[in-house]
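Structure at a glance
In case you want the letters, here they are:
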Amino acid sequence: MKTKNILLSGSLALLLWTSCQKKAKPNAALPPTPVNVAAAKTAEAVYYDQYQGTVVALNYVELRSEVSGFITGIFFKEGDIVAKGKELYEIDRRKYEAAYQQAEANLLSANANLIKAQKDIDRYTMLLKNDAVARQTVDQAQAAYETSKSEVAVAKAGILSAKTDLSYSIISAPFTGRIGISQVKLGAQVSPGTTLLNTISSEHPIGVDVVINEQDISRFYDLKKRGTDSTFKLTLSDGSSYNKPGQVLAIDRGVASGTGTIKVRIQFPNDDDVLKDGMSCVLNVLNSASGNRVQIPYKAVTEQMGEFFVFVSQDTIAKQHKVKLGPRIGNDVVVLSGIQNGDKVITEGFQRLRDGGKITLGIPAVQTPGQAGGKSAK
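Since we're looking at a predicted model, the values are computed, not measured. (Residues numbered from 1 in each chain as written. Predicted model: local features only at pLDDT ≥ 70, side-chain atom pairs only at ≥ 80, totals over all residues. Heavy atoms only, no water.)

Applying the stated criterion across every chain, the model contains four aromatic pairs. Taken together, a centroid distance of 6.3 Å and an interplanar angle of 75 degrees make the contact between Tyr-242 and Phe-268 edge-to-face. With Tyr-242 in strand β14 (residues 241–242) and Phe-268 in strand β16 (residues 261–268), this pair connects stretches of sequence that are 26 residues apart. Residues Tyr-242 and Phe-268 agree in their burial class; the two are buried. By way of ring pairs, the aromatic residues Tyr-51, Phe-220 and Phe-232 are connected into one cluster. (Phe/Tyr/Trp six-rings, centres within 6.5 Å; stacked < 30°, edge-to-face > 60°. Helix = DSSP H or I, 4+ residues; strand = E, 2+ residues; numbered from the N terminus. Buried < 20%, exposed > 50% of the residue type's maximum accessible area, 1.4 Å probe, protein only.)

Written as structure tokens, this is what we have:
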């Protein structure tokens, strides 16, 4: 019985030792990860910096009356182009015409008094030479003459004032542009300087205003001198491109102290009336770094905590590289640093990789159910 127990204990110890030896063996090495690669290439990269812009009319005016009265005439079609000098509104002219006629009559009367005063001076001066009149009478005639002269001047000023008011009763287009929807109707009463009648804005050429950081000021001054037809392009709010060239028209006088920004106005032709005052758009400004740049497929890039990385194939090893990206160009992206021309970047299969992981080239094609097992039975 004692011998039997010893044999059982030995067998159990042997089994435990064998089990421990199996657990002590290291895990088997993971197989290489299949991947696909693409070579980084140097190619022409033309890209633009983007600024949010607003279309603005280079000429814009609000039409307001300079005199009071009732609207007695509207001589345009809303939304049309009106030529410079075209009559647009008429304000009741009757009292202004009457005031002008009265001013003319006042001038005639003043001129008549001046002529009489001149004759009196001539007569009294001749009589004074013969001692036929008192010196005081001559002095009084001279004073009357000067008074008549001033009355003529006042009458002339009255004519100018009345004529101006009469001219203000007709409101004309100050420049050629598109007129908006009228804010008043026939018979409406208007007050001088307060009642808005309408607005007119020019359309060709037209401007686009953008706000830039003060660090870009020298760049835009340089573009003002050396800009080309490809320097400025517009993208409209519907995603379409406006392909007519622009040029820097003006850079604001100073930097806003609160924001450190400055306004720049770019002028564009607008013959086809595509751009409208107040539209939102994106101004694309040619980047001076455009040229031959290293490019890789954008799908090879991963982002981690705001930084960008790619895996590069080095024989059977995948090495992770931190990269600085430029703009996207189609399906590719410009790499400003971190990758050299000819590097083989991993485009597929990198989701399961770690830096230094083993790889094998070529991801097996995934078979469809119809392809498995050969031809399907008819």
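Before going further, it helps to spend a moment on the pattern of salt bridges. Within the structure shown, the criterion is met by 17 salt bridges. Notably, a salt bridge pairs Lys-276 with Glu-203, separated by 3.8 Å at the nearest N-O pair. Within this pair, whereas Lys-276 is found in the loop between β16 and β17 (280–286), its partner Glu-203 is found in the loop between β11 (196–201) and β12 (206–213), the two being separated by 73 residues in sequence. Looking at Lys-276, the relative accessible area reads 34%, which means it is partly exposed. On the accessibility criterion, Glu-203 (14% relative accessible area) is buried. In this structure, a network of salt bridges that share partners links the residues Arg-178, Glu-203, Asp-273 and Lys-276. (Salt bridge = Lys/Arg side-chain N within 4 Å of Asp/Glu carboxyl O.)

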